[in-house]
Amino acid sequence: MYFDSFADFIAMGGHGLYVWLAYSIALAVVIFNVLTPILRKKQFMVEYQRRLKREQRLGEVNKAESPE
Amino acid sequence: MGKLLPWFAVVTVLLLTCGVIWGLAFAPEDYQQGNSFRIIYIHVPSAILAQSCYMLMAIAGAISLIWKMKVADMVAKSCAPIGASLAVLALATGAIWGKPTWGTWWVWDARLTSMLILLFLYIGVYTLHSAIENEITAGKAGAVLSLVGMVNIPIIKYSVEWWNTLHQGSTFTVTERPKMEPEMWIPLLIMVLGFYCFFSVVLMLRTRIEILQRERRSGWVRELVEAR
Amino acid sequence: MRTDDTLELSLSRVFWITLKRDLMLAYRRRNDLVSPLMFFLMVATLFPLGVSPDPQFLSQAAAGIVWVAALLATLLSMDSLFRSDYDDGSLEQMLLSPQPLALLVFAKICAHWMISGLPLTLMAPLLAVMLFLPEQGMSAMVISLLLGTPTLSLIGAIGAGLTVGLRKGGVLISLLVLPLYIPVLIFGTGTVQAASAGLPVGGYLAILGAILALGMVLAPVAVAASLRISVSD
């Protein structure tokens, strides 16, 4: 371990703000890139299933109406 | 692709965690720049990836234009936002690194300016994709634009470097590579590899949802959703 | 008495409804909102590339560059103010409605400023840093833009109203409106340059505020008149 103590690690010899700022932005970018497609996929599934249910219901209504 | 994804994800997490911990905690500090030098472990990989991603986007676009492969089209479209975010990361970390090192948040040097122009190119492609409603036309237009951009990149790089030497007689550059001991550049290598894997994972994730959306009217998507 | 009360209430309700409608429509096309911001950034980048990245030069020119870029970005976004309403017929509906057209127009301009001028103002510090604007000028930069961009939207709306039916609206709006923008530009950059030199800015800000107030009162009327002319044929 290069640093003598955890406090030193955080302080980074005075450059702590910059280093941690840079690494947090990196983390944010990583999270953004991972979450965006996953959330989109979930939304897609939900909407698609809704559509399927709607079509099923319509199909049943039609079946109920047709034998006259 | 679904089977590769978990493996790539595991490798990504391993590489990135190892690289970050090594770079942050174990590598020695640079005798000139002190600890802010550690930002290199984010800045350099993101810059390399931002450029590679553009190449991939342009090549995928070319493949979809020439051989009319739909998958290539969707890969190209997925590349744009990822590459743009990486370019932003490279610029932001470059600026943050610059402040303690050179005293200002921003310097108009050749590398940073080229990265900024690359970001503009990405934004152009992404905006074009989202402006055109027809997905196929949007893909074709985006492919053409990214190819034009790819041809332009060497020209842009050359002209920006020429501009830079014209206006700055001095020899320093913000992103000069310090002489590094193995303890310093091995974590960098790990981070670069880790970023490449991260990029592959995210690209696969995005392309998957892109495929689902494009093919939403087809039978196999229906079966997939019904199976849940 | 009661009729007066309900008329009062309904005027402000009309304003809010129109404002909210425009904001919601804009939210649906979120991706389009980023374009003026990116244009802003790109235009500002052109100056160091085209002239000189020398910090001394840039810090003197920064105020003007940011203002010119904001002005051009606002001009670009003006065409969209009435375009989609014109295309789907809701503009004619607005013209026919019993509500005062100037009020509807004012609400639309407010919405437009909130999605274009305001983000520009918020992004301006980033550009100012890249262009080495002196620290003392930074807050003046933001305040001058905060006062100036609504005026730009208001004046630009006049141009948009005059050209809404035409196909080649874009460049034409610029030609009509740029001369009118010049006073705002002069006082806006004057504010920032004074602040950068450490001089008081109260006078400049007062003038900017006065121009804004004048614009808020007169421009919607002018826009309403132009719309009636443009749509009538």
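Procedures and definitions
Residues numbered from 1 in each chain as written. Chains lettered and ligands numbered in written order. Predicted model: local features only at pLDDT ≥ 70, side-chain atom pairs only at ≥ 80, totals over all residues. Axes fitted to C-alpha atoms, helices over the stretch in contact; angles between N-to-C directions. Helix = DSSP H or I, 4+ residues; strand = E, 2+ residues; numbered from the N terminus. Parallel < 35°, antiparallel > 145°, perpendicular 65-115°, else oblique. Left-handed = near helix turned anticlockwise from the far one by under 90°. Contact = placed C-beta atoms within 7 Å. Nonpolar A, V, L, I, M, F, W, Y, C, P; charged D, E, K, R; others polar. Expected span 1.5 Å × (residues − 1). Buried ≥ 20, exposed ≤ 12 C-beta atoms within 10 Å, placed from the backbone. pLDDT = per-residue confidence, 0-100.

A. Region of the structure containing the packing of helix α3 (residues 70-102) of chain B against helix α4 (residues 110-131) of chain B. Residue and element names in this part refer to chain B. One can describe the packing of α3 onto α4 by two numbers: an axis separation of 9 Å at closest approach and a directional angle of 150 degrees. As judged from the angle between their axes, α3 and α4 are roughly antiparallel. Note that α3 runs across α4; the crossing there is left-handed. Two secondary-structure elements touch here, α3 through Lys77, Ala80, Pro81, Gly83, Ala84, Ala87, Val88, Ala90, Leu91 and Gly94 and α4 through Leu112, Met115, Leu116, Leu118, Leu119, Tyr122, Ile123, Val125, Tyr126 and His129. The residue makeup of the contact of α3 with α4, split by class, is 16 nonpolar, 3 polar and 1 charged.

B. Region of interest: the interface of chain B and chain C. The partner chain C presents 12 residues to the 10 residues of chain B that form the contact. Elements supplying a minimum of two residues to the side of chain B that touches chain C: α4 and α5 (135-167) of chain B. Among the elements that line the side of chain B that touches chain C, the one with the most residues is α4(B), at 5 residues.

C. Seen up close, helix α6 (residues 101-115) of chain C. Here α6(C) spans 21 Å end to end across 15 residues, near enough to the 21 Å set by a 1.5 Å rise per residue. Among all positions of α6(C), only Leu104(C), Val105(C), Phe106(C), Ala107(C), Lys108(C), Ile109(C), Ala111(C), His112(C), Trp113(C) and Ile115(C) are buried.

D. Fine view of the confidence of the model for chain C. Residues and elements named next belong to chain C. This prediction gives chain C a mean pLDDT of 86; 95% of its residues lie at or above 70. When mean pLDDT is taken per element in chain C, helix α7 (residues 117-130) scores highest with 93 and helix α1 (residues 2-28) scores lowest with 76. Interface predicted TM-score (ipTM) for the complex: 0.76; the corresponding pTM is 0.81.

E. View of the environment of Asn164(B). All names here are of chain B. Along the chain, Asn164 turns up in helix α5. With 18 C-beta atoms counted inside 10 Å, the residue Asn164 sits in the partly exposed group. Spatially, the C-alpha atom of Asn164 lies 21 Å from that of Ile48, the residues being 116 residues apart in sequence. Apart from the residues lying within four places of it in its own chain, the contact partners of Asn164 are Asp109 and Ala110.

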